[in-house]
Amino acid sequence: MRGGGKILIYAINGMLIPFWGTVLGASLVFFVRKHTGEGVRAAISGFSAGVMVAACVWSLLIPSMELAEERGIIPAFPAALGFALGVLFFLLCDRLIDIREQKLIKQNGKQTPKVFLTCFAIALHNLPEGMAVGAVFAEVLSDGNATHLSAAMALSIGIAVQNLPEGAIVSMPLYSSGTKRVKAFALGALSGAVEPLGAFITVLAAGIAVPLLPYLLGFAAGAMIYAVIDGFCTPDIDLQNRKSTTILSFALGFLLMMCLDVILG
């Protein structure tokens, strides 16, 4: 009983570790100036895009394919389906945001910062990551294996390190766009709050959530790629139809090469 209680405490703390990584990254907003030079902003944008693409591939798509293969499913199928749905979902979200912006501009000239779509994408991608952590800790709690506990803690720490720049990706652009420093930090930290939430939900409902995990990871990857292309690669494309064509064409090319690499590799 004592050993089981100790493992439970370790599991709860372990599921919170990725969140603290996001909080630490978001806190960088307290150490930067509001108005930075073009070179610094370009560097931050490029770094942010690199982090998000890397997270999309190594933290979402590859684990999705590995999970699918373990379950006897065609490895590329859940990742590709989830990815396509993620891109289409955010295309719809982007259209709705544009409609809302046009109404606000007509009413009082205000415009919603585009960075909020990126914040939403990061928060959404944290959910399946948290579910992946929860799935590992659910296994630990079911068998009480100390070896599995060490592996689960290592996974949590690794995701926490990855979340450091992600917290900054949310808080720093918000601050630059006019949001107060404390509010920018809070929103950056909250973008990571869904991660332990996803972990706890997975532990409590492992039988339902775990089978859907490969699809959820692919969905989050599609959301991340959409945010990267929309936020960092198409800022000068004003016409919505042309921007949508660019993003959808990129997603199609990405999916095609991913599936060919998996099938032929």
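Residues numbered from 1 in each chain as written. Predicted model: local features only at pLDDT ≥ 70, side-chain atom pairs only at ≥ 80, totals over all residues. Heavy atoms only, no water.

Looking at the overall build of the protein
And step 1. A tally of helices and strands in the protein yields 9 helices and 0 strands.
And step 2. Sequence separation of at least 24 residues holds for 82% of the intrachain contacts in the protein that already meet a minimum separation of 6.
And step 3. Here the protein has roughly 13600 Å² of accessible surface; of this, 70% comes from carbon and sulfur atoms. (Helix = DSSP H or I, 4+ residues; strand = E, 2+ residues; numbered from the N terminus. Contact = heavy atoms within 4.5 Å. Areas by Shrake-Rupley, 256 points an atom, 1.4 Å probe, with all protein chains shown as cover.)

Notes on the nonpolar core
And step 1. If you look at the biggest cluster of nonpolar residues, it comprises 42 residues, and the most contacted ones within it are Met-52, Cys-56, Leu-61, Phe-83, Met-224 and Met-258.
And step 2. Among the elements of the structure, α2 (38–70), α3 (76–108), α4 (115–143), α5 (146–176), α8 (206–233) and α9 (240–264) are those that each provide at least two residues to this core.
And step 3. Top contributing element to this core by residue count: α8, with 12 residues.
And step 4. Leaving out residues up to four positions away in the same chain, Cys-56 has contacts with Leu-61, Phe-83, Ala-221, Met-224 and Ile-225.
And step 5. Membership of the second largest hydrophobic core comes to 11 residues, among which are Ala-11, Met-15, Phe-137 and Ala-199. (Core = buried A, V, L, I, M, F, W, Y, C linked by side-chain atoms within 4.5 Å. Buried < 20%, exposed > 50% of the residue type's maximum accessible area, 1.4 Å probe, protein only.)

Some words on the layout of surface pockets
And step 1. Approximately 340 Å³ is the volume attributed to the second largest pocket.
And step 2. Taken together, 18 residues line the second largest pocket, and the ones lying closest to its centre are Pro-63, Leu-67, Ala-132, Val-136 and Leu-155.
And step 3. With 6 residues, α2 is the single largest residue contributor to the lining of the second largest pocket.
And step 4. Residues of the lining of the second largest pocket, tallied by class, amount to 11 nonpolar, 2 polar and 5 charged. (1 Å grid on protein atoms, 1.4 Å probe; cavity = no way out; pocket = protein on both sides within 12 Å on 5 of 7 lines; lining within 4 Å. Points joined across faces, edges and corners; volume = space filled by probe spheres on them. Nonpolar A, V, L, I, M, F, W, Y, C, P; charged D, E, K, R; others polar.)

Things to note about the environment of Leu-204
And step 1. Within the fold, Leu-204 resides in helix α7 (residues 194–204).
And step 2. Separated by 69 residues in sequence, Leu-204 and Ala-135 have C-alpha atoms that sit 9.9 Å apart.

Re α7
And step 1. Listed as buried for α7 are Glu-195, Pro-196, Gly-198, Ala-199 and Thr-202. Seen from one end, α7 has its buried residues packed into an arc of 155°, which puts them on one side. (Arc of directions from axis to C-beta.)

So, the environment of Val-182
And step 1. Tracing the backbone through its elements, the reader meets Val-182 in helix α6 (residues 181–190).
And step 2. For Val-182, a relative accessible area of 58% gives the class exposed.
And step 3. Separated by 155 residues in the primary sequence, Val-182 and Ser-27 have C-alpha atoms spaced 9.1 Å apart.

What about the packing of aromatic side chains?
And step 1. Under the counting rule described, the total for this entry stands at 8 aromatic pairs.
And step 2. Relative to Phe-90, the ring of Phe-89 lies with its centre 5.5 Å away and its plane at 75°, an arrangement referred to as edge-to-face.
And step 3. What makes Phe-90 buried here is its relative accessible area of 0%.
And step 4. An angle of 45° between the planes, with centres 6.4 Å apart, marks the rings of Phe-90 and Tyr-226 as tilted. One end of the pair, Phe-90, is in helix α3; the other, Tyr-226, is in helix α8, with 136 residues separating them in the sequence. As far as burial versus exposure is concerned, Phe-90 and Tyr-226 are alike and both buried.
And step 5. A connected cluster of aromatic rings, assembled from ring pairs, spans Phe-89, Phe-90, Phe-219 and Tyr-226. (Phe/Tyr/Trp six-rings, centres within 6.5 Å; stacked < 30°, edge-to-face > 60°.)

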